[in-house]
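# Survey of secondary and tertiary structure
Here are the chains, one letter per residue:
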Amino acid sequence: MTRTPVNVTVTGAAGQIGYALLFRIASGHLLGADVPVKLRLLEIPQGVKAAEGTAMELDDCAFPLLKGIDIFDDPNQGFEGANVALLVGARPRTKGMERGDLLAANGGIFKPQGKAINDHAADDIKVLVVGNPANTNALIAQAAAPDVPAERFTAMTRLDHNRALTQLAQKTGASVEDIKRLTIWGNHSATQYPDIFHAEIAGKNAAEVVNDEQWLADTFIPTVAKRGAAIIEARGASSAASAANAAIDHVHTWVNGTREGDWTSMGIPSDGSYGVPEGLISSFPVTCKDGKYEIVQGLDINEFSRTRIDASVRELAEERDAVRELGLI
Ligand SMILES: NC(=O)c1ccc[n+]([C@@H]2O[C@H](COP(=O)([O-])OP(=O)(O)OC[C@H]3O[C@@H](n4cnc5c(N)ncnc54)[C@H](O)[C@@H]3O)[C@@H](O)[C@H]2O)c1
Ligand SMILES: O=C(O)C[C@H](O)C(=O)O
């Protein structure tokens, strides 16, 4: 039986992450090796020509699963019939820009995009926000889409999760696939908290295997939390291929499920679990099954973790208050 192609909208398609992302979506890594896709690329008018060039290259790959590419500069058209939306395009922070300016500039992008998703996307739409500040941009888009279930709006902390997996693997000599149940809590920012207290390495508690709280506090957490800045410093540009890879992982896991005995990290609207105020889009440990996610419940949060989760959640609440004041939510 031939399957109906899944419509995938990608914003910021002509950017760095877009260039690393589109070829993997078209080759079946986002949804599965048997799922045909149609790409809908959304750019600002100045980005359309470059997106057309990328579309030419996509054509030149002759991907069997790629059933069409359309390019738009109007969000209402870009999100028409979208089943999956990857919101990558965002206004980067430029010199002299305060956080409030950045939130306001991104509000001008994510509010209309949220409304366009509300009015035009397919009923089963799943949204991943990658563009920074990802959690709060997701909140803005979600608030502008009252007819879409709030839980369909998610923000990307999978890159942080993947970064933490490798740091832990390198410290312990384990292989990344031997590590399970690691968690990123909070905001995709320097306040995020990568938590290994419930993680397992080949079945053993990771914190006990590491047995070095100083490494945890002074090396592991800051290395993971500030990795984005370290990449910018080294590369002269923000992470692109690893961010695209994480976006692929996030959606693939959401759609196809977490592996047995494991969980992942996703920025999702809080239901009040673990003391995170309801509605904030914060990263949690989640399991995924049949296209839905659930927060892992009942984890014992120690004092070390509590302080750090609270600090990141406080930052999210401040960002929410700032966008509320700007009338964006
Ligand atoms: N959550 C994460 O883990 C993570 C990781 C890396 C980067 N990021 C963020 O992802 C975003 C994109 O990064 P990049 O390196 O691809 O940036 P980039 O500047 O190379 O590309 C951004 C693209 O978005 C387009 N764009 C801007 N406004 C748009 C709009 N309203 N509609 C559609 N397209 C629009 C631009 O024309 C540009 O082509 C940045 O905000 C970056 O900070 C997030
Ligand atoms: O773009 C950035 O500021 C960094 C990015 O969010 C990252 O984590 O690599």
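Residues numbered from 1 in each chain as written. Chains lettered and ligands numbered in written order. Predicted model: local features only at pLDDT ≥ 70, side-chain atom pairs only at ≥ 80, totals over all residues. Heavy atoms only, no water.

The protein chain is annotated in an unreviewed UniProt entry as Malate dehydrogenase of Streptomyces solicathayae. Turning to the protein chain, the UniProt annotation filed under Function (unreviewed entry) states: "Catalyzes the reversible oxidation of malate to oxaloacetate." Entered under Catalytic activity (unreviewed entry) in the UniProt record, the comment concerning the protein chain runs "(S)-malate + NAD(+) = oxaloacetate + NADH + H(+)". (UniProt positions renumbered as here; feature names shortened; annotations may be inferred.)

### Quick look at the overall build of the protein chain
Per the secondary structure count, the protein chain includes 11 helices and 14 strands. The C-alpha radius of gyration computed for the protein chain amounts to 19 Å, which stays within 12% of the reference 20 Å derived for 329 residues, consistent with globular compactness. Oriented by its inertia axes, the alpha-carbon framework of the protein chain measures out at about 50 × 50 × 40 Å. Each of the 329 residues in the protein chain was classed as buried or not, and the buried ones make up 52%. Considering only contacts in the protein chain between residues 6 or more positions apart, those separated by 24 or more positions represent 73%. Working note: accessible area of the protein chain is about 14,600 Å², and carbon and sulfur atoms make up 49% of it. In the protein chain, the 31 positive side-chain charges and the 42 negative ones have mean positions that sit 2 Å from each other. (Helix = DSSP H or I, 4+ residues; strand = E, 2+ residues; numbered from the N terminus. Rg over C-alpha atoms; globule rule 2.2 N^0.38 Å. Buried < 20%, exposed > 50% of the residue type's maximum accessible area, 1.4 Å probe, protein only. Contact = heavy atoms within 4.5 Å. Areas by Shrake-Rupley, 256 points an atom, 1.4 Å probe, with all protein chains shown as cover. Lys, Arg positive; Asp, Glu negative; His and termini not counted. Charge placed at Lys NZ, Arg CZ, Asp CG, Glu CD.)

### Quick notes on the UniProt feature "active site" (unreviewed entry) in the protein chain
According to UniProt, the positions carrying the feature "active site" (unreviewed entry) are H188. By the element assignment, H188 lies in the loop between β8 (183–185) and β9 (193–195). H188 has contacts with N132, N135, M156, T157, D160 and R163, leaving out every residue within four places of it along the chain.

### Some thoughts on the pairing of strand β1 (residues 6–11)
Taken across its 6 residues, β1 has 6 buried, putting it largely inside the fold. Alternating positions in β1 separate into two faces, V6, V8 and V10 on one and N7, T9 and T11 on the other, with burial throughout. Read from β1 through helix α1 (residues 16–26) to strand β2 (residues 37–42), the crossover connection turns out right-handed. As judged from the 4 bridges shared by β1 and strand β4 (residues 84–87), these two strands associate in the parallel manner. (Right-handed = clockwise from strand over helix to strand, strands pointing away. Pairing = 2+ DSSP bridges.)

### Some words on the packing of aromatic side chains
Applying the stated criterion to the full structure yields 7 aromatic pairs. With 5.5 Å between their ring centres and 70° between their planes, Y19 and F23 make a pair best called edge-to-face. Residue Y19 and its partner F23 are both found in helix α1; the two are separated by 4 residues, about one turn of the helix. Of the residues examined, F23 reaches a relative accessible area of 18% and is grouped as buried. Arranged with centres 5.2 Å apart and planes meeting at 35°, the rings of W215 and F220 form a pair that is tilted. On the basis of relative accessibility, which here comes to 11%, the residue W215 falls in the buried class. Cation over ring: R308 sits above F304, and NZ or CZ is 3.6 Å from the ring centre. (Phe/Tyr/Trp six-rings, centres within 6.5 Å; stacked < 30°, edge-to-face > 60°. Lys NZ or Arg CZ within 6 Å of the ring centre and 35° of its normal.)

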